[in-house]
Amino acid sequence: MTASTFSPEAVSSLKEILGPDQVLTALEDLIPYSFDGTAALSQLPGAVAFAHSAAEVSAVLILADRLKVPVVTRGSGTGLSGGSLPVPGCIVLCLTRMDRILELDRANLTLLAESGATTLQIASAADEAGLFYPPDPGSMKISTIGGNVAENSGGLRGLKYGVTRNYVMGLEIVLARGEIVWMGNKCVKDVAGYSLKDIFIGSEGTLGVITRVLLRLIPKPAARKTLVATYSEMEAAAQTVSDIIAAQIIPCTLEFLDRTTIRCVEDFAHVGLPLDCEALLLMETDGHPAAVAEEAQRMETLARKNGALEVRVAATEAEAIRLASARRSAFSALARVAPTTILEDATVPRSELARMIRFVAQVASKYNLRIGTFGHMGDGNLHPTFLTDERNTEEMHRVEMAFKEIFDETIRVGGTITGEHGIGLAKKSFLPKFAGDAQMRVLRELRRVLDPSGILNPGKVFDA
């Protein structure tokens, strides 16, 4: 791996804008920024620049537009679709030092933060104020809120509470040519003009740089109860989910693990999971104590009706946290099994979930691959996770073929190629088939208007 060429003029100008200590160009300093959470992808940038304010971001973009240097915005680099992967000769614009929570407004139930604040910082600040910020991506301890907005991140609580988009009330954006724009406000209702902020949510750094985020908070649930049910067949777990939704119960969390993932998690976390089952459901309800008790009882009844081998109800908060950690540690547990772990993301209508899980297993068998599948069963979001070795060229080819079949089938049954990880670099070849010609034309035209020089995260989502 060698560093991309980068002009002395660009380096000198960056150091003048930000200060010499805020610009990295040495090879050993660039390596940590040459990859993100996506397996088997890396590229050295030309330089890494750390901004401390929207004004500095603006100055960097004005420079980049003048010199026609690509800019890839980065937070903590936890993305799983290659969205923050550098491109040759680019400036990686890192915003992790813009990490302040600027305001928590209890009267209006809002929180204003810089884009480099972590999701955990925001959740903790809300909790200390007796409030609740629901989105909880698996990387929430280190992922930044700017990255969450750029990817429209989800999480385990998405079934009941929705995704990041549902909590964004305002954004400060620096456009490609350096103009700083504020979109949105603290008003619960606002239909004045186009909802421009929504264009930037999920835009993966291709339309502008997010520097501040105004978030909606909600009252903290008064009670919570956690259950784990195990099954001898995945279909029985899926039917339990269908019955829960049909009974008009919307749990806070409704997650599943398959046999491979259960074994890896138990070996990793030692939470006491049974190893003789094919599927595990993690169910969590929250809200008013009386409603929580009733919903938990009804979910337990439905689980047993569908042949659950065991239903375990957490007796204490500590036990609930331990059981929930079984799902939250799934990726980490699987990552210990093979040199390369590729965590994918496909979402199907809930009615297709059990069949899609079987299809993934058939594809794994067809291509002689090891796949652990887990995910958000309540909203149809699957995470088939390939346990492989990127050094094995022939096996990686089989992985690519398997992915193609999985995503083709996902589209065929009315699903989407990503529920929360984004398109980035890893999935852009699947987007045209999913979106269609007319939608791709609109996407390209929008991107051309907002980034005329094509400097923002080029090559991601689609080729402009």
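Turning next to the sheet that holds strand 4 (residues 91-94). Here four strands make up an open sheet; going across it, the order is 1-2-4-3 and the pairing mixed. Sheet topology places strand 1 (23-24) and strand 3 (71-74) at the edges, where each strand pairs with a single neighbour. Relative to strand 4, strand 3 runs parallel, the two being bridged by four bridges. Counterpart to Thr73 in the pairing with strand 4 is Leu93. Strands in contact with helix 3 (residues 54-67) are strand 2 (47-50), strand 3 and strand 4; relative to strand 4, the strand with the most contacts, it is inclined by about 170°.

Among the eight residues in strand 10 (residues 209-216), six count as buried, and that is most of the element. Bridge count for strand 6 (residues 110-114) against strand 10 is five bridges, and the pairing is antiparallel. Note that in strand 10 the partner of Ala113 across the bridge is Val213.

On to the sheet that holds strand 9 (residues 180-184). Spatial strand order, 5-6-10-8-9: five strands in an open sheet with antiparallel pairing. Two strands in the sheet have a free side with no partner beyond their single neighbour: strand 5 (101-105) and strand 9. Geometrically, the sheet is characterised by an average inter-axis angle of 10° between neighbouring strands, direction not taken into account. Pairing analysis gives six bridges linking strand 8 (residues 168-174) to strand 10, with the strands arranged antiparallel. Directly across from Val174, in strand 10, lies its bridge partner Val209. In this fold helix 3 packs onto strand 8, strand 9 and strand 10, with an angle of close to 45° to the strand it touches most, strand 8. Sitting on the sheet, helix 4 (residues 119-128) is in contact with strand 5, strand 6 and strand 10, with an inclination near 35° to strand 5.

Among the nonpolar cores identified, the biggest contains 56 residues, and Tyr231, Leu281, Met283, Met377, Phe386 and Leu431 are the most heavily contacted of them. For this core, the leading source of residues is helix 13 (residues 353-366), giving eight residues. Not counting residues within four places of it along the chain, the set of residues in contact with Tyr231 comprises Ala236, Ala237, Thr240, Cys277, Glu278, Ala279, Leu281, Ala303, Asn306, Gly307, Ala308 and Leu309. By size, the runner-up hydrophobic cluster in this structure holds 29 residues, among which are Leu171, Ile210, Val213 and Ile218.

Left-over empty space is what a probe sized like a water molecule reveals as it rolls over the atoms. If you add up the space inside the second largest pocket, you get close to 820 Å³. For the second largest pocket, the lining is made up of 38 residues, of which Asn152, Arg165, Gly202, Glu204 and Thr418 are closest to its centre. At five residues, helix 16 (residues 437-450) tops the list of elements feeding residues into the lining of the second largest pocket. Its residues placed into classes, the lining of the second largest pocket shows 15 nonpolar, 16 polar and seven charged.

Parameters at a glance
Residues numbered from 1 in each chain as written. Predicted model: local features only at pLDDT ≥ 70, side-chain atom pairs only at ≥ 80, totals over all residues. Heavy atoms only, no water. Pairing = 2+ DSSP bridges. Helix = DSSP H or I, 4+ residues; strand = E, 2+ residues; numbered from the N terminus. Contact = heavy atoms within 4.5 Å. Axes fitted to C-alpha atoms, helices over the stretch in contact; angles between N-to-C directions. Buried < 20%, exposed > 50% of the residue type's maximum accessible area, 1.4 Å probe, protein only. Core = buried A, V, L, I, M, F, W, Y, C linked by side-chain atoms within 4.5 Å. 1 Å grid on protein atoms, 1.4 Å probe; cavity = no way out; pocket = protein on both sides within 12 Å on 5 of 7 lines; lining within 4 Å. Points joined across faces, edges and corners; volume = space filled by probe spheres on them. Nonpolar A, V, L, I, M, F, W, Y, C, P; charged D, E, K, R; others polar.

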